[in-house]
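# An overview of the molecular structure
So you can see what is in the structure, the chains are spelled out below.
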Amino acid sequence: MQWVEAAPAKINLFLHVGPVEADGYHPLCSLVAFADVGDTLTLDPEGPFGLSIGGPFGGALTGELDQQGGNLVLRALTAFDALTSLDSRRLSLTLDKRLPLAAGLGGGSADAAAALRLARRALAPDLADQVLVNASRVAGADGPMCVRSEAAWAEGRGEVLTPEPRLPTLHAVLVNPGVPSPTGAVYGAYDTLGVGQADRPADPARWDAEAVIAWLAEQRNDLEAPALLNAPAIGTALEAVRAEGQARLVRMSGSGATVFGLYEDAVTAARAAETLEVAHPDWWVRPARLG
């Protein structure tokens, strides 16, 4: 019997970023939600050992399998083995890569986290969550939050996590214009611009969808302007979602290039997604629920 684990897309509902510190890292504050769209990892107890990659965006990752430490799933499993003295190399895993790459959706970190959950299920079902969190750090600041895949405040470098169970379901459309937005290059442009601070806003007045969207509109993504310098197509995507006319809020997620709109309900979001798909058939467009 095969086991399937979801690797949901991570969305930064806002992202406040401070200037680079002496250690080379940027402090941040973000409210993170997870979508009901993403990649999947499948474990086949009877399959050949190792990781195989498929899906619409899998081709761009297959070369990583031949590079030492190139793939985040394999790096996370190596860390898992080191922490537990187990051997995940005998697992048969298949990644169905459905999220675009370098997209501001935490896709690689989510894949690594899903692989860690499968490794625990197969090799050590009683293993504590903290072991997976520690192993996931090789995937960067997004790793620990993707292990739990629950709405949370992220502070510090992104590793200080506080669950936020009050966040309501938000109806969204995710749009990627088909260009990469590498995180390192975006932070480099951010340092050139020298704007932003890692401030944490006061909570919204209420935690219903209407009040939360209004509150989010008062926040910002401090990486949006530097990302636009590197990838002007992100601006085209932002304007397209705004021009559709139904979104209550339009913003870039993470370091881009994916942007999102928030909508009154699921029906409105689905209609907006259809309109955007027709207008931009070469873009990646998905309606989603965030929570």
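Keep in mind that this is a model prediction, so the values were computed, not measured. The residue numbers shown here count from 1 along each chain, following its written sequence. pLDDT decides what is reported in this predicted model: residues at 70 or higher carry local features, side-chain atom pairs at 80 or more are listed and counted, and totals for whole chains, interfaces and linings draw on all residues regardless. As a rule here, side-chain values cover all heavy atoms of the structure and leave hydrogens and water aside.

### A closer look at the packing of helix H1 (residues 72–84) against helix H2 (residues 107–123)
- Angles here are taken between N-to-C directions and fall from 0 to 180 degrees, while the axes themselves are lines fitted to C-alpha atoms, restricted in helices to the stretch in contact. Helix and strand definitions follow DSSP, with helices as H or I runs of at least four residues and strands as E runs of at least two, each counted in order from the N terminus. One way to put it is that H1 packs onto H2 with a least axis distance of 8 Å and a crossing angle of 40°. When the axis of H1 is compared with that of H2, the two are oblique. Remark: the crossing between H1 and H2 carries right-handed chirality. Contact with H1, carried on its side by Leu72, Val73, Ala76, Leu77 and Phe80, involves Gly108, Ser109, Asp111, Ala112, Ala115, Leu116, Ala119, Arg120 and Leu123 of H2 and no other residues of that element.
- Residues are grouped as follows: Ala, Val, Leu, Ile, Met, Phe, Trp, Tyr, Cys and Pro are nonpolar; Asp, Glu, Lys and Arg are charged; all remaining types, including Gly, are polar. Class assignment for the residues of the contact of H1 with H2 results in ten nonpolar, two polar and two charged. An angle below 35 degrees is read as roughly parallel, one above 145 as roughly antiparallel, one from 65 to 115 as roughly perpendicular, and any other as oblique. Whether a crossing is left-handed or right-handed is set by the direction in which the near helix is turned from the far one by less than a right angle, anticlockwise for left-handed and clockwise for right-handed. The criterion used for residue contact is that any of the two residues' heavy atoms lie within 4.5 Å.

### What about the side chain of Arg117?
- Of note, Arg117 is situated in helix H2.
- If near-sequence neighbours (up to four positions away) are discounted, Arg117 is found in contact with Glu5, Ala6, Leu132, Cys146, Val147 and Ser149.

### Focus on the packing of aromatic side chains
- Aromatic pairing here means that ring centres of Phe, Tyr or Trp (its six-membered ring) are within 6.5 Å. Orientation follows from the plane angle: under 30 degrees is stacked, over 60 is edge-to-face, and everything else is tilted. Across all of its chains, the model carries five aromatic pairs by this definition.
- Relative to Trp215, the ring of Phe14 lies with its centre 5.9 Å away and its plane at 90°, an arrangement referred to as edge-to-face. Taken as a pair, Phe14 in strand S1 (residues 3–17) and Trp215 in helix H6 (residues 209–216) lie far apart in primary sequence, 201 residues in all. You'll find Phe14 and Trp215 in the same group, each marked buried.
- Seen in terms of ring centroids, Trp153 and Trp215 are 6.0 Å apart; in terms of plane orientation they differ by 70°. Their pairing is edge-to-face. Separated by 62 residues along the polypeptide, Trp153 in strand S5 (residues 152–155) and Trp215 in helix H6 bring together distant segments of the chain.
- Within the aromatic cluster, the residues linked to one another by ring pairs are Phe14, Trp153, Trp207 and Trp215.
- To sit over a ring, a charge needs its Lys NZ or Arg CZ within 6 Å of the ring centre and within 35 degrees of the ring normal. For Arg157, the ring lying beneath its charged end belongs to Tyr25, and the centroid distance is 3.9 Å. Per-residue accessibility, obtained with a 1.4 Å probe over protein chains only, is compared with the maximum for each type, and a residue is labelled buried under 20%, exposed over 50%, and partly exposed between these values.

### Points about the nonpolar core
- Ranked by internal contacts, the top residues of the largest apolar core, which has 61 residues, are Leu93, Val173, Val175, Leu223, Ile234 and Val259.
- If you tally residues by element for this core, the top one is H2, at nine residues.
- Each residue touching Val175, except ones within four places of it in the same chain, is listed here: Ala237, Val241, Ala257, Thr258, Val259, Leu276, Trp283, Trp284 and Val285.
- Note on terminology: a nonpolar core comprises buried Ala, Val, Leu, Ile, Met, Phe, Trp, Tyr and Cys residues joined through side-chain atoms within 4.5 Å. Judged by nonpolar contacts, the second largest core, of 29 residues, contains Ile11, Ala151, Ala172 and Leu249.

### Re the environment of Gly108
- For Gly108, the location among the structural elements is in helix H2.
- Owing to a relative accessible area of 28%, Gly108 belongs among the partly exposed residues under this scheme.
- A sequence separation of 34 residues divides Gly108 from Asp142, and the C-alpha atoms of the two residues are 9.0 Å apart.

### What about helix H8 (residues 233–244)?
- Any helix carries an expected span of 1.5 Å times its number of residues minus one. A rise of 1.5 Å per residue sets the reference length of H8, with its twelve residues, at 16 Å; its end C-alpha atoms lie 17 Å apart and thus fit the reference within 8%.
- Of the positions making up H8, those classed as buried are Ile234, Gly235, Ala237, Leu238, Ala240, Val241 and Glu244.
- The inward-facing, buried residues of H8 contact strand S7 (170–176), helix H7 (224–230), strand S8 (249–252), strand S9 (259–263) and helix H9 (266–279).
- Positioned one or two residues after H8, Gly245 has a phi angle of 100°, which is positive.

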